[in-house]
Amino acid sequence: MGDVLAGFHAAWEFESDSVLIRFERGIRTPKLYQALGERRIPHEAIAAVTLSPGKRGTVVLHAVPRPGADPLMEAAAGQLKDGCDPYRLVLPAERETLAEYYADELRARITADDDPPDRYLVAAPEAPLQFKAYDGKASFDGKQVSFRWFWTGASSAKWKAGDQSFSVSDLTGVEWRSPEVFEGHLRLLRRESPVAQPAQADQDPAAVVFGLGYGPVHESLPFAASVLAAVRACGPALTSDGVGAPSVPAVRRDPADIADRIRHLGELHQAGLLTDEEFTTKKTELLAEL
């Protein structure tokens, strides 16, 4: 093909074996798109193509990724909002006929395969990568993940454990929970651990927790995808939703940690990210753990 279809925030170039997606840079462009820059999606990484009406006089061309083909989407585990989905191209409604043409052309080049591929087909964001979480700084150099704790946010359990470094070869997967929901976090799933990993991410030295302004999607998700891809390159990995992960017993929290979490909860409430009911419910749940 080789033609280009430009929409809002991105342009798709249709090539003989792939779709090259180039994301725009601008104030209105989702930050995740800007962080990704561009992505090449091989036809074999696409499971289906749809075209549907969008909002306010638009249509949406959606290349549905094949499960297990893209480390970014596997790490996201369905948590991305439509407006941040890199596989969606939003176009003015008057381009619907043109979009349908390209959708048909693309459908003719993909083959249905329900089995997950034995390797990632879409390249992961390249290391080195780093971001600031609520309780520490996470960095990844391609071979090792490091967590350095912040005295203002880290729990006493993490301070006692000290700063952490994990070799990719010692991991089995990554669990990413969006920072746009309560108790978002990035947890490393360890291959062998002398003790079971705590159920709460704020108590787990192999996890960093997110907070208001900490660990945003455009920083933490590419980080998770890069680590996940490196882990898979070393051997079989768990999916980002934690399937196959060993169960871990609940850990009774330190009162000081409960107070920190309630204070963080209050910040989210004051910022309007939690309703009065949600704030009260979560606060009650935390107090019940004392």
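The structure displayed is predicted, hence computed values, not measured ones. (Residues numbered from 1 in each chain as written. Predicted model: local features only at pLDDT ≥ 70, side-chain atom pairs only at ≥ 80, totals over all residues. Heavy atoms only, no water.)

A. View of the pattern of salt bridges. Enumeration over the complete set of coordinates arrives at 15 salt bridges. Among the ionic pairs, Glu38 bridges to Arg22, the shortest N-O distance being 3.5 Å. Residue Glu38 is located in strand β4 (residues 38-42), and its partner Arg22 is located in strand β3 (residues 18-23); the two are separated by 16 residues in the primary sequence. Given the relative accessible area of 44%, Glu38 is considered partly exposed. (Salt bridge = Lys/Arg side-chain N within 4 Å of Asp/Glu carboxyl O. Helix = DSSP H or I, 4+ residues; strand = E, 2+ residues; numbered from the N terminus. Buried < 20%, exposed > 50% of the residue type's maximum accessible area, 1.4 Å probe, protein only.)

B. Molecular detail of the nonpolar core. Counting 63 residues, the largest nonpolar core has Leu61, Phe147, Leu186, Leu188, Leu221 and Val227 as the members making the most contacts within it. The element best represented in this core is helix α5 (residues 217-234), accounting for 10 residues. Dropping the residues within four chain positions of it, Val227 is found in contact with Phe140, Val145, Leu171, Val174 and Leu188. (Core = buried A, V, L, I, M, F, W, Y, C linked by side-chain atoms within 4.5 Å. Contact = heavy atoms within 4.5 Å.)

C. Representation of the sheet that holds strand β7 (residues 88-92). Strand order across the open sheet formed by three strands is β5-β6-β7, with antiparallel pairing between neighbours. Of all the strands in the sheet, the pair left with one neighbour each is β5 (46-53) and β7. Geometrically, the sheet is characterised by an average inter-axis angle of 15° between neighbouring strands, direction not taken into account. Direction of pairing for strand β6 (residues 58-65) relative to β7: antiparallel, over a ladder of five bridges. Bridging from a neighbouring strand, Leu61 pairs with Leu89 of β7. (Pairing = 2+ DSSP bridges. Axes fitted to C-alpha atoms, helices over the stretch in contact; angles between N-to-C directions.)

D. Region of interest: the pairing of β5. Examined bridge by bridge, β5 and β6 share seven bridges and lie antiparallel to one another. The residue of β6 that forms the bridge with Thr50 is His62. As consecutive antiparallel partners, β5 and β6 are separated by four residues, and within that stretch Arg56 has a phi angle of approximately 50°, a positive value.

E. Fine view of α5. Over its 18 residues, α5 runs 25 Å from end to end, which matches the ideal 26 Å to within 8%, given 1.5 Å per residue. Of all the 18 residues making up α5, 14 are buried; the element is thus mostly covered by neighbouring parts of the structure. Looking at the residues trailing α5, positive phi occurs at Gly235, about 155°. (Expected span 1.5 Å × (residues − 1).)

F. A look at the pairing of β3. Most of β3 sits inside the fold, with five of its six residues counted as buried. When strand β2 (residues 10-14) meets β3, the two strands line up antiparallel, connected through five bridges. For Glu13, the partnering residue across the bridge sits in β3 and is Leu20. Taken together, β2 and the strand that follows it, β3, pair antiparallel across an intervening segment of three residues.

G. Summary view of the packing of aromatic side chains. Inspection of the entire model under this criterion finds 10 aromatic pairs. Through pairs of rings, three or more aromatic residues link up here, namely Trp12, Phe14, Tyr101 and Tyr102. One residue, Arg232, lies across the ring of Tyr120, its end atom 4.3 Å from the ring centre. (Phe/Tyr/Trp six-rings, centres within 6.5 Å; stacked < 30°, edge-to-face > 60°. Lys NZ or Arg CZ within 6 Å of the ring centre and 35° of its normal.)

H. Here's a closer look at unusual backbone geometry. In the segment running from Ala127 into Pro128, the intervening peptide bond is cis, with an omega of 5°. Inspection of the secondary structure puts Pro128 in the loop between α3 (96-107) and β8 (129-132). Located in the positive-phi region is His9, a residue other than glycine, with phi close to 75°. With respect to the helices and strands, His9 occurs in the loop between β1 (4-6) and β2. Phi at Ala77 takes a positive value of approximately 50°, unusual for a residue other than glycine. Within the secondary structure, Ala77 sits in the loop between α2 (71-76) and β7. Here Ala77 falls in the partly exposed class, since its relative accessible area comes to 36%.

I. Seen up close, the sheet that holds β3. If you trace the four strands from one edge of the open sheet to the other, you get β1-β2-β3-β4, paired in antiparallel fashion. Both outer strands of the open sheet, β1 and β4, are each paired with one neighbouring strand and no more. For this sheet, the mean inter-axis angle between neighbouring strands, taken without regard to orientation, is 20°.

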